[in-house]
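What follows is each chain in one-letter form.
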Amino acid sequence: EVGPVTLLVPTSLAEYSSWAKPLAANWVEFGKPEDRDFSAWASAAWSEISTFMTRGQHRLSGCMTWDEWGIEICAYLCEPTRLGLPF
C-alpha cells in the first residue's frame, strides 16, 4: 500500500520535474542552482525535509528515486541519524 507521496526536488530541476507536481501530495524543493557538490545538495535536502516534517508533523515511511541521480541523496536521507529508513 502506498500513501501520499512527497516529492523532494532540487530547485534547479523544479521546472524540468514539474510534470510530477500534480501527482504529489507535497512538493519540497531544496538547494540552490549554484550548489555543485554532493555535500551541499545533501545538507540542503536534509534541512528542507527535516523542516517539512517538523512544520507539518509529517512522517516519511520510505524514500526512493526514479533515476540514478538520486541514489546518493536517498541513502544520505535514510541514514539512522536522519530518517532511519532501510535503503
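Above this note sits the structure.
All figures in this text were calculated on a predicted structure; none of them were measured in a lab.

About the thresholds
Residues numbered from 1 in each chain as written. Predicted model: local features only at pLDDT ≥ 70, side-chain atom pairs only at ≥ 80, totals over all residues. Heavy atoms only, no water. Salt bridge = Lys/Arg side-chain N within 4 Å of Asp/Glu carboxyl O. Buried < 20%, exposed > 50% of the residue type's maximum accessible area, 1.4 Å probe, protein only. Core = buried A, V, L, I, M, F, W, Y, C linked by side-chain atoms within 4.5 Å. Helix = DSSP H or I, 4+ residues; strand = E, 2+ residues; numbered from the N terminus. Contact = heavy atoms within 4.5 Å. Phe/Tyr/Trp six-rings, centres within 6.5 Å; stacked < 30°, edge-to-face > 60°. Lys NZ or Arg CZ within 6 Å of the ring centre and 35° of its normal.

## Remarks on the pattern of salt bridges
Stage number 1. By the definition in use, this model includes one salt bridge.
Stage number 2. Of the charged contacts, one joins E79 and R82 as a salt bridge, the two residues approaching to 2.3 Å between their closest N and O atoms.
Stage number 3. Taking relative accessible area as the criterion, E79 reaches 30% and is therefore assigned partly exposed.

## As for the nonpolar core
Stage number 1. One finds F30, M53, L60, I73, L77 and L83 to be the most contacted residues of the largest nonpolar core, which totals 16 residues.
Stage number 2. When contributions to this core are tallied by element, the ones reaching two or more residues are β2 (26-30), α1 (38-56) and α2 (71-78).
Stage number 3. Looking at which element gives the most residues to this core, the answer is α1, with seven residues.
Stage number 4. Each residue touching L60, except ones within four places of it in the same chain, is listed here: T6, I49, F52, M53, L83 and L85.
Stage number 5. Counting residues in hydrophobic clusters, the runner-up holds six residues, among them L7, A14, A24 and W27.

## Overview of the packing of aromatic side chains
The way to describe two aromatic rings as a pair is by their centre distance and the angle between their planes.
Stage number 1. For the coordinates displayed, the defined rule picks out two aromatic pairs.
Stage number 2. Where F30 meets W41, the ring centres are 5.5 Å apart and the plane angle is 85°; that geometry is what we call edge-to-face. One end of the pair, F30, is in strand β2; the other, W41, is in helix α1, with 11 residues separating them in the sequence. Neither F30 nor W41 differs from the other in exposure class; each is buried.
Stage number 3. Lying across the ring of Y76, R82 places its NZ or CZ 3.5 Å from the centre.

## Details of the side chain of S17
Stage number 1. Inspection of the secondary structure puts S17 in the loop between β1 (6-10) and β2.
Stage number 2. Leave out the neighbours within four places in its chain, and S17 touches V9, W27 and W66.

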